[in-house]
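Read off the chains here:
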Amino acid sequence: MPRGKLITLEGVEGAGKTSQLERAAAHLSEGGVAVATAREPGGTAVGEQVREVLLSRENASMTPLAELYLYLAARAQLVAEVVAPALAAGTFVLLDRYVHSTLAYQGYGLGVDLGGTSPEENLAKLRELCRATVGDAWPDLVIVLDVEAEVGFARLAGETPDRIESRDVEFHRRVRDGFLALAAQEPERVAVVNAAPPEGEVFAAVKAALASVL
């Protein structure tokens, strides 16, 4: 049986990943494609518990390294329980965040120190950690829903921000810059979609990106 495809939706807070993932899953299903969806962190009983720890504002003292390894732990569980079995069964897996969020948030946003002698070396080490965590379950397609950090936050107005959302706008600008840098490094894998227009227009671009793996 042919291996399924792994598709991830990425972007800053308020970019619209969840709604676009739902639309993408429905579109693929209507086309006769077997689809599984999950969010990160989460998607498993273990992962959902880790999610609560990561996003709780009570854990404001969490260090960048602790944050990183908690994300990787939740991901390892998700790959073992959900992603790898689904791909092996020929199912398309759609994920709301995955490895490129780690590279953007913990790498570019936090500048996590993994013992490298430069930011570039730390990012390379971070990519290696992500590879070791997911094994063969590397994304076939990454769709970055791109909006300015301020636009994303405006969409979240009225909601209580979690620990990550509570960081200053400069952090979220670095995250956005990180996603765009990653896209430039992997143009054959990462598609950048302007997420500022109305939801339907954004999905038209998402659907065009999906065509590349069908």
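These lines cover the structure that appears in this document, whether it is placed above or below. (Residues numbered from 1 in each chain as written. Predicted model: local features only at pLDDT ≥ 70, side-chain atom pairs only at ≥ 80, totals over all residues. Heavy atoms only, no water.)

## A look at the layout of surface pockets
Regions of empty space are outlined by a rolling probe, equal in size to a water molecule, passed over the atoms.
Here's step 1: Volume-wise, the largest pocket comes out at about 450 Å³.
Here's step 2: Broken down by secondary-structure element, the contributors of at least two residues to the lining of the largest pocket are α1 (17-30), α2 (45-55), α3 (64-88) and α4 (99-109).
Here's step 3: A total of 4 residues in the lining of the largest pocket trace back to one element, the largest contributor, which is α4.
Here's step 4: Residue composition of the lining of the largest pocket, by class: 7 nonpolar, 7 polar and 11 charged. (1 Å grid on protein atoms, 1.4 Å probe; cavity = no way out; pocket = protein on both sides within 12 Å on 5 of 7 lines; lining within 4 Å. Points joined across faces, edges and corners; volume = space filled by probe spheres on them. Helix = DSSP H or I, 4+ residues; strand = E, 2+ residues; numbered from the N terminus. Nonpolar A, V, L, I, M, F, W, Y, C, P; charged D, E, K, R; others polar.)

## Points about the packing of α1 against helix α8 (residues 199-210)
Here's step 1: Direction vectors running N to C along α1 and α8 enclose 55 degrees, while the axes themselves pass 10 Å from each other. Regarding the angle of α1 to α8, the classification is oblique. Crossing of α1 against α8: the hand is right-handed. The residues of α8 that touch α1, namely those facing Ser19, Gln20, Arg23, Ala24 and His27, are Glu199, Gly200, Val202, Phe203, Val206, Lys207 and Leu210.
Here's step 2: Of the residues belonging to the contact of α1 with α8, the class tally is 5 nonpolar, 4 polar and 3 charged. (Axes fitted to C-alpha atoms, helices over the stretch in contact; angles between N-to-C directions. Parallel < 35°, antiparallel > 145°, perpendicular 65-115°, else oblique. Left-handed = near helix turned anticlockwise from the far one by under 90°. Contact = heavy atoms within 4.5 Å.)

## Topic: the pattern of salt bridges
Here's step 1: The tally for this structure, following the rule as stated, stands at 12 salt bridges.
Here's step 2: A salt bridge links arginine 97 to glutamate 13; the nearest nitrogen and oxygen atoms lie 3.5 Å apart. Taken together, the residues span a long stretch of sequence, with arginine 97 in the loop between β3 (92-96) and α4 and glutamate 13 in the loop between β1 (6-11) and α1 at a distance of 84 residues. Note on accessibility: arginine 97 and glutamate 13 belong to one class, buried.
Here's step 3: The salt bridge involving glutamate 48 is made with arginine 39; its shortest N-O contact spans 2.7 Å.
Here's step 4: Of the residues examined, arginine 39 reaches a relative accessible area of 37% and is grouped as partly exposed.
Here's step 5: Beyond isolated ion pairs, a larger network of salt bridges with shared partners links Glu67, Arg163 and Arg167. (Salt bridge = Lys/Arg side-chain N within 4 Å of Asp/Glu carboxyl O. Buried < 20%, exposed > 50% of the residue type's maximum accessible area, 1.4 Å probe, protein only.)

## Remarks on the packing of aromatic side chains
Here's step 1: For the coordinates displayed, the defined rule picks out 2 aromatic pairs.
Here's step 2: Where tyrosine 105 meets phenylalanine 179, the ring centres are 6.2 Å apart and the plane angle is 75 degrees; that geometry is what we call edge-to-face. Placement of the pair is tyrosine 105 in helix α4 and phenylalanine 179 in helix α7 (residues 169-185), with a sequence separation of 74 residues. Like phenylalanine 179, tyrosine 105 is buried.
Here's step 3: By the ring-pair criterion, three or more aromatic residues cluster together here, those being Tyr105, Phe171 and Phe179.
Here's step 4: When the ring centre of tryptophan 138 is taken as origin, the NZ or CZ atom of arginine 131, which lies over that ring, is 3.9 Å away.
Here's step 5: We note arginine 167 situated over the ring of phenylalanine 171; from NZ or CZ to the ring centre the distance is 4.9 Å. (Phe/Tyr/Trp six-rings, centres within 6.5 Å; stacked < 30°, edge-to-face > 60°. Lys NZ or Arg CZ within 6 Å of the ring centre and 35° of its normal.)

Shape is all these values report; function is a separate question.
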